[in-house]
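As a plain string of letters, each chain reads:
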Number of protein chains: 2
Amino acid sequence: MAPPLYQVVMNTIVDRIASGSLPSGAMLPSETQLGAELGVSQGTARKALMELEARGLVQRVQGRGTFVTVRTPETSLFNFFRLRNPDGTLESPRLEWETVRRRAATPEERAELFGRPESVIEIERVRSLAQRPVTHEVSVVSAALFPGLADRVPLPNTLYVFYQQAYSVIIVRADERLSAHAVSEASAKALGVPAGTPVLEVRRRAIDVLDRVVELRSSQSLTDQHDYFVSVS
Amino acid sequence: MAPPLYQVVMNTIVDRIASGSLPSGAMLPSETQLGAELGVSQGTARKALMELEARGLVQRVQGRGTFVTVRTPETSLFNFFRLRNPDGTLESPRLEWETVRRRAATPEERAELFGRPESVIEIERVRSLAQRPVTHEVSVVSAALFPGLADRVPLPNTLYVFYQQAYSVIIVRADERLSAHAVSEASAKALGVPAGTPVLEVRRRAIDVLDRVVELRSSQSLTDQHDYFVSVS
DNA sequence: TATAATTAGTCTTGTATAAGTATTGATGTA
DNA sequence: TACATCAATACTTATACAAGACTAATTATA
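As the structure is a prediction and not an experimental result, all values here were calculated from the model. (Residues numbered from 1 in each chain as written. Chains lettered and ligands numbered in written order. Predicted model: local features only at pLDDT ≥ 70, side-chain atom pairs only at ≥ 80, totals over all residues. Heavy atoms only, no water.)

**Brief notes about the protein's contact with DNA strand D**
Turning to step 1, where the next piece is worked out: Taken together, 22 residues lie near DNA strand D, and A:R46, A:R60, B:L5, B:S41 and B:T44 sit nearest.
Turning to step 2, where the next piece is worked out: When atoms of DNA strand D within 4 Å of the protein are split into backbone and base, the sugar-phosphate part holds 81%.
Turning to step 3, where the next piece is worked out: Within the side chain of A:T66, a nitrogen or oxygen atom sits 3.0 Å from a phosphate oxygen of DNA strand D.
Turning to step 4, where the next piece is worked out: For the surface near DNA strand D, the element with the most residues is helix α3 (residues 42-54) of chain B, which contributes three residues.
Turning to step 5, where the next piece is worked out: Looking at the surface near DNA strand D residue by residue, the class counts come to five nonpolar, eleven polar and six charged. (Near = heavy atom within 4 Å. Polar contact = N/O pair within 3.5 Å; in protein donor to acceptor, adjacent residues only side chain to side chain. Helix = DSSP H or I, 4+ residues; strand = E, 2+ residues; numbered from the N terminus. Nonpolar A, V, L, I, M, F, W, Y, C, P; charged D, E, K, R; others polar.)

Right, dumping it as structure tokens:
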């Protein structure tokens, strides 16, 4: 069965974005141009663009055009870093320190990550809010998918923006499993809290626009001063 | 400025659902009928219906029709009760006990809840998974918005389904603030765990189809055997 | 009972027109 | 001349409508 035309149009655009030929912030062809270029009507091109907007991949404004969604630290924060003050406001978290190393993948990581990588890059970080360490997180990505990443330390504060800018890997959604535990030994040391302190543990699988699991991240956060904010529907 | 026609169509349908004249599971008029009835084209009626589907208010299947989304305990569970086994599966949580009482609203509750109620109904519950109490939750709703609710104990297991069936109050989304704490004294007693046990606290504001905050819920859960599952995008 | 025809619904595509945005160029004035 | 103002215009997306294709359930028929 042939897929509908508008899906064909969608796929070509997704490919162009994922390949980097339409970089972050770039203006897409207009509905009319796109239709002419791909041999469909303006209405069909329009439907594809609206679908992509609904998925958050592009943004459209009447009278101006359609643009590849720009992931700034702020928007990325809003989506994936979600510690908030009790009143709902948010300061920027500060990156205290990080270590980046390359190592062999565990069997679980091989099974979960896209490409079944033999070798992974592990990024360990401590973030602080209000002059106080609050989050200890470890991110793991395939070394093959992010060549040379380990040589680019220090990495930018917001990894998802960096993935998109430097590797055209666009994170669009994530699964998270949350639990409350007594802080782990490693995190207790990293955060400078006594053993037994309750922490919020978040285990996240980040998924990109091509539906690939490209990052595993596990974090422990202190939530006596801040809340982890979620909006569900 | 007159709103676009498709929004007018949307609003009339939302009103019909919220008023109960289109109950849960009911079939809506077809695109063609709806268009004729409201004096717009089939395409415009279609656009309204698709928008409502995107919001989860109706479900459409080609060749059959459009139906008001049915909230079963299962779908409601999937949306708003999110404790999972580590492997992602889910048993049905059992309702251990509940108490329902009417009392004066606190100033915070008055400020948050729709209608600034003087009087609220408080529903306290303990749920268990695998023969073990895991969640202690307290829900608070406006007494005016849910008349007679306190007289209907025992309440059904899933409140959101009940709200829709009995009061045509349709919860469509929620804000949640999560944190990890040592268990509160009340919850320690309710769950039968020692003081100091880490629990996941969830404070939720549930919002209905008319954009009203209709329920405040605070729960404490044990997460040593289960995870709290979230999907973000 | 099986099978074909019909009906009633959504889905896809196309076209015309409205409305919003930004640029350009003319015009008036200090 | 230099500069601000304003109208025209050449883009863009948004709205609305219409025709035909596809899909599922029901009804008629062999």
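Read on, since the account is not over.
**Re the side chain of B:T135**
Residues and elements named next belong to chain B.
Turning to step 1, where the next piece is worked out: Residue placement: T135 occurs in strand β6 (residues 132-142).
Turning to step 2, where the next piece is worked out: Note on T135: relative accessible area 2%, which makes it buried.
Turning to step 3, where the next piece is worked out: Separated by 3.0 Å, the side chains of T135 and S221 make a polar contact.
Turning to step 4, where the next piece is worked out: Not counting residues up to four positions away in its chain, the partners in contact with T135 are L83, R125, V126, R127, L191, S219, Q220 and S221. (Buried < 20%, exposed > 50% of the residue type's maximum accessible area, 1.4 Å probe, protein only. Contact = heavy atoms within 4.5 Å.)

**A closer look at the interface of chain B and chain A**
Turning to step 1, where the next piece is worked out: Taken together, the contact between chain B and chain A spans 32 residues of the former and 33 residues of the latter.
Turning to step 2, where the next piece is worked out: At the boundary of chain B with chain A, total buried surface from both sides reaches about 2600 Å², with 54% on carbon and sulfur atoms.
Turning to step 3, where the next piece is worked out: On the chain B side of the contact with chain A, B:R177, B:L178 and B:V232 bury the most area, a combined 24% of that side's loss.
Turning to step 4, where the next piece is worked out: Joining chain B to chain A, the criterion identifies two salt bridges.
Turning to step 5, where the next piece is worked out: B:D227 is paired through a salt bridge with A:R203; the nearest N and O atoms lie 3.2 Å apart.
Turning to step 6, where the next piece is worked out: Taken together, the connections running from chain B to chain A amount to ten residue pairs in polar contact (both at pLDDT 80 or more).
Turning to step 7, where the next piece is worked out: Elements that contribute at least two residues to the side of chain B that touches chain A include exactly α3, α4 (73-80), β7 (171-182), β8 (198-208) and β10 (227-232) of chain B. (Buried area = accessible area lost by both parts, 1.4 Å probe. Salt bridge = Lys/Arg side-chain N within 4 Å of Asp/Glu carboxyl O.)

**Concerning the nonpolar core**
Turning to step 1, where the next piece is worked out: In terms of nonpolar packing, the biggest core is built from 58 residues, with A:L149, A:Y163, B:L149 and B:Y163 touching the most fellow members.
Turning to step 2, where the next piece is worked out: Those residues in contact with B:L149 that lie beyond four places of it in its chain are B:V100, B:I121, B:I123, B:L155, B:F162, B:Y163 and B:Y167.
Turning to step 3, where the next piece is worked out: Grouped together as the second largest cluster of nonpolar side chains are 21 residues, A:I13, A:V14, A:L49 and A:V58 included. (Core = buried A, V, L, I, M, F, W, Y, C linked by side-chain atoms within 4.5 Å.)

**Some thoughts on the side chain of B:R60**
Residues and elements named next belong to chain B.
Turning to step 1, where the next piece is worked out: With respect to the helices and strands, the residue R60 is situated in strand β1 (residues 58-61).
Turning to step 2, where the next piece is worked out: Side chain to side chain, R60 and E31 meet in a polar contact 2.7 Å long.
Turning to step 3, where the next piece is worked out: Not counting the four nearest positions on each side in its chain, R60 is found in contact with E31, R46, L49, M50, E53, G65 and T66.

**What to know about the UniProt feature "domain: HTH gntR-type" (unreviewed entry) in chain A**
Turning to step 1, where the next piece is worked out: Taken from the UniProt record, the annotation "domain: HTH gntR-type" (unreviewed entry) applies to residues 3-71 of chain A.
Turning to step 2, where the next piece is worked out: Helix makes up 52% of residues 3-71 of chain A and strand makes up 12%, while its end C-alpha atoms are separated by 30 Å. (UniProt positions renumbered as here; feature names shortened; annotations may be inferred.)

**Here we look at the domain arrangement of chain A**
All names here are of chain A.
Turning to step 1, where the next piece is worked out: For chain A, the domain assignment lists domain 1 (5-68) and domain 2 (73-228).
Turning to step 2, where the next piece is worked out: The C-alpha-based centres of domain 1 and domain 2 are spaced at 31 Å.
Turning to step 3, where the next piece is worked out: Contact between domain 1 and domain 2 buries roughly 540 Å² in total, counting both sides, with carbon and sulfur atoms accounting for 70%.
Turning to step 4, where the next piece is worked out: Of all residues in domain 1, the largest losses of buried area upon contact with domain 2 belong to A18, S24 and L57, amounting jointly to 60% of the total for that side. (Domains from an automatic or database assignment.)

**Notes on the pattern of salt bridges**
Residue and element names in this part refer to chain B.
Turning to step 1, where the next piece is worked out: Within this structure, the stated rule accounts for 44 salt bridges over all chains.
Turning to step 2, where the next piece is worked out: Notably, a salt bridge pairs R46 with E31, separated by 3.0 Å at the nearest N-O pair. Linking R46 in helix α3 with E31 in helix α2 (residues 31-38), this pair joins segments that are 15 residues apart in sequence.
Turning to step 3, where the next piece is worked out: Here R103 ties to E109 by a salt bridge, and the two come within 3.0 Å at their closest N and O atoms.
Turning to step 4, where the next piece is worked out: Under the relative-accessibility criterion, E109 is labelled buried at 11%.

**Regarding the protein's contact with DNA strand C**
Turning to step 1, where the next piece is worked out: Taken together, the neighbourhood of DNA strand C is formed by 26 residues, with A:L5, A:T44, B:E31, B:R46 and B:R60 sitting nearest.
Turning to step 2, where the next piece is worked out: Restricting attention to atoms of DNA strand C within 4 Å of the protein, one finds that 75% of them are sugar or phosphate atoms.
Turning to step 3, where the next piece is worked out: A:Y6 has a polar backbone atom sitting 3.2 Å from a phosphate oxygen of DNA strand C.
Turning to step 4, where the next piece is worked out: In this structure, a base nitrogen belonging to DNA strand C sits 3.3 Å away from a side-chain N or O atom of B:Q42.
Turning to step 5, where the next piece is worked out: Looking at the surface near DNA strand C, the elements with two or more residues in it are α1 (5-19) and α3 (42-54) of chain A together with α2, α3, β1 and β2 (65-68) of chain B.
Turning to step 6, where the next piece is worked out: Ranked by the residues each element gives to the surface near DNA strand C, the list is headed by α3(A), at four residues.
Turning to step 7, where the next piece is worked out: Class assignment of the residues belonging to the surface near DNA strand C gives a composition of six nonpolar, 14 polar and six charged.

**Things to note about unusual backbone geometry**
Most peptide bonds take the trans form, and the phi angle of most residues other than glycine is negative.
Turning to step 1, where the next piece is worked out: Following A:V153, the chain continues to A:P154 via a peptide bond in cis, the omega torsion being -5°.
Turning to step 2, where the next piece is worked out: Relative to the assigned elements, A:P154 resides in the loop between β6 (132-142) and α6 (159-167).
Turning to step 3, where the next piece is worked out: Phi is positive for B:Q131, which is not a glycine, with a value near 60°.
Turning to step 4, where the next piece is worked out: Along the polypeptide, B:Q131 turns up in the loop between β5 (119-129) and β6.
Turning to step 5, where the next piece is worked out: Even without a glycine there, the phi angle at B:D211 is positive, about 70°.
Turning to step 6, where the next piece is worked out: With respect to the helices, strands and loops of the structure, B:D211 is situated in the loop between β8 and β9 (213-221).

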